[in-house]
Amino acid sequence: MIPRPSLVACAFAVFATQAFAFEISSPSVSDGKWDAKYLGDKAGCGGQSVSIALAWKDPPAGTKSYALTMFDTDANGGKGFWHWLAWDIPASAKGLREGAGAQAGKRMPKGSVLGKGGVGRAGYFGPCPPPGSGDHHYVFTLYALGEKTLRIPANPLPEMVSVAAKSSALGQATVTYTYRR
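Quick notes on the rules
Residues numbered from 1 in each chain as written. Predicted model: local features only at pLDDT ≥ 70, side-chain atom pairs only at ≥ 80, totals over all residues. Heavy atoms only, no water. Helix = DSSP H or I, 4+ residues; strand = E, 2+ residues; numbered from the N terminus. Areas by Shrake-Rupley, 256 points an atom, 1.4 Å probe, with all protein chains shown as cover. Buried < 20%, exposed > 50% of the residue type's maximum accessible area, 1.4 Å probe, protein only. Pairing = 2+ DSSP bridges. Phe/Tyr/Trp six-rings, centres within 6.5 Å; stacked < 30°, edge-to-face > 60°. Contact = heavy atoms within 4.5 Å. Disulfide = S-S within 2.5 Å.

Peer 1: An account of the overall build of the protein is requested, with residue identities and associated values reported.
Peer 2: A tally of regular secondary structure across the protein gives three helices and eight strands. In the protein, the succession of helices and strands from N to C terminus is α-β-β-β-α-β-β-β-β-α-β. Within the structure as shown, the protein displays about 9500 Å² of accessible surface, and the carbon and sulfur contribution to it stands at 57%.

Peer 1: Now, about the pairing of strand S2 (residues 54–57): what can you tell me, with residues and values included?
Peer 2: Along S2, the buried face is formed by Leu54 and Trp56; none of Ala55 and Lys57, which line the opposite face, is buried. As paired strands, S2 and strand S5 (residues 95–96) are joined by two bridges and run antiparallel to one another. Considered in S5, the bridge of leucine 54 is made with leucine 96.

Peer 1: Which residues make up the packing of aromatic side chains, and what are the values?
Peer 2: Overall, the coordinates contain nine aromatic pairs when judged by the stated rule. Between the aromatic rings of tryptophan 34 and tyrosine 177, the centroid separation amounts to 6.4 Å while the plane-to-plane angle is 90 degrees, which identifies the pairing as edge-to-face. Taken as a pair, tryptophan 34 in the loop between strand S1 (23–25) and S2 and tyrosine 177 in strand S8 (residues 169–179) lie far apart in primary sequence, 143 residues in all. Residue tryptophan 34 shares its accessibility class with tyrosine 177, and that shared class is buried. Between phenylalanine 81 and phenylalanine 125, the ring centres sit 6.4 Å apart and the planes meet at 65 degrees, which makes this aromatic pair edge-to-face. You can see phenylalanine 81 sitting in strand S4 (residues 81–90) and its partner phenylalanine 125 sitting in the loop between strand S6 (113–114) and strand S7 (136–145), a full 44 residues away along the chain. The same class applies to phenylalanine 81 and to phenylalanine 125, which are both buried. Taken together, the ring pairs in this structure connect Trp34, Tyr138, Phe140, Tyr177 and Tyr179 into an aromatic cluster.

Peer 1: Please give an account of the environment of phenylalanine 125 that cites residues and values.
Peer 2: For phenylalanine 125, a relative accessible area of 5% translates into the label buried. As a C-alpha pair, phenylalanine 125 and leucine 39 span 86 residues in sequence and 7.5 Å in three-dimensional space. Setting aside anything within four residues of it in sequence, one finds phenylalanine 125 in contact with Gly40, Asp41, Lys42, Cys45, Ser49, Met70, Phe81, His83 and Val119.

Peer 1: Now, about the sheet that holds S1: what can you tell me, with residues and values included?
Peer 2: One open sheet accounts for three strands, arranged S1-S2-S5; its pairing is antiparallel. In the strand order of this sheet, the two ends are held by S1 and S5, each with one partner.

Peer 1: Report on unusual backbone geometry, specifying residues and quantitative values.
Peer 2: The phi torsion at serine 49 lies on the positive side, around 55 degrees, for a residue other than glycine. As for its placement among the helices and strands, serine 49 is situated in the loop between S1 and S2. Residue classification places serine 49 among the buried positions, given a relative accessible area of 9%. Phi at aspartate 58 takes a positive value of approximately 55 degrees, unusual for a residue other than glycine. Checked against the element boundaries, aspartate 58 lands in the loop between S2 and strand S3 (65–72).

Peer 1: Kindly report on the state of the cysteines, identifying the contributing residues and their values.
Peer 2: Applying the stated rule across the entire model yields one disulfide. Disulfide partner of cysteine 45: cysteine 128, at an S-S distance of 1.9 Å. As the torsion about the S-S bond is roughly -80 degrees, the cysteine 45-cysteine 128 disulfide counts as left-handed. Residue cysteine 45 is found in the loop between S1 and S2, and its partner cysteine 128 is found in the loop between S6 and S7; the two are separated by 83 residues along the sequence.

Peer 1: Hey, could you go over the environment of leucine 142 for me, with residue numbers and the actual values?
Peer 2: Examined against the element boundaries, leucine 142 turns out to sit in strand S7. Exposure remark for leucine 142: the relative accessible area of 0% places this residue in the buried category. For the pair leucine 142 and leucine 68, spaced 74 residues apart in the sequence, the C-alpha separation amounts to 4.6 Å. Excluding residues that lie within four positions of it along the chain, leucine 142 makes contacts with Phe22, Ile24, Trp56, Tyr66, Ala67, Leu68, Gly171, Gln172 and Ala173.

Here you go:
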């Protein structure tokens, strides 16, 4: 007699397969190589803060919306810096096109919300590490949410967006790109 796998083992195998399938990537950058237009638009950064294009695939079943964060883990003496926050991105979205993170948010999918990052404005702010500070790691995290609207107060702090997204995520996909000046 051939033993049959238990229901728990089958459920775990399905969950594990799905958990590892959810992916995010960018056709705009490769590790360490960013076009100038994607860099920060503040004095000395040399860029225009045009957000990179992002693509994702295989979200968890039951995804109703997404939340996105971009965080520099090496900024501010290791305390980090929030570069981009967006939420209520519809589940039908399979990515964000280049420039979607513009301050007005007109290129974001309908219903999406852009939050204020470390520069105090809503929308994408590109990499701008201090010259000579070595590689900075820009972590893009996409949270697949089981609700259409992320439950956060008006004008939330970036940390609030991250915590709310993590706590209601069905899954998350992360990609990290580096940049140095």
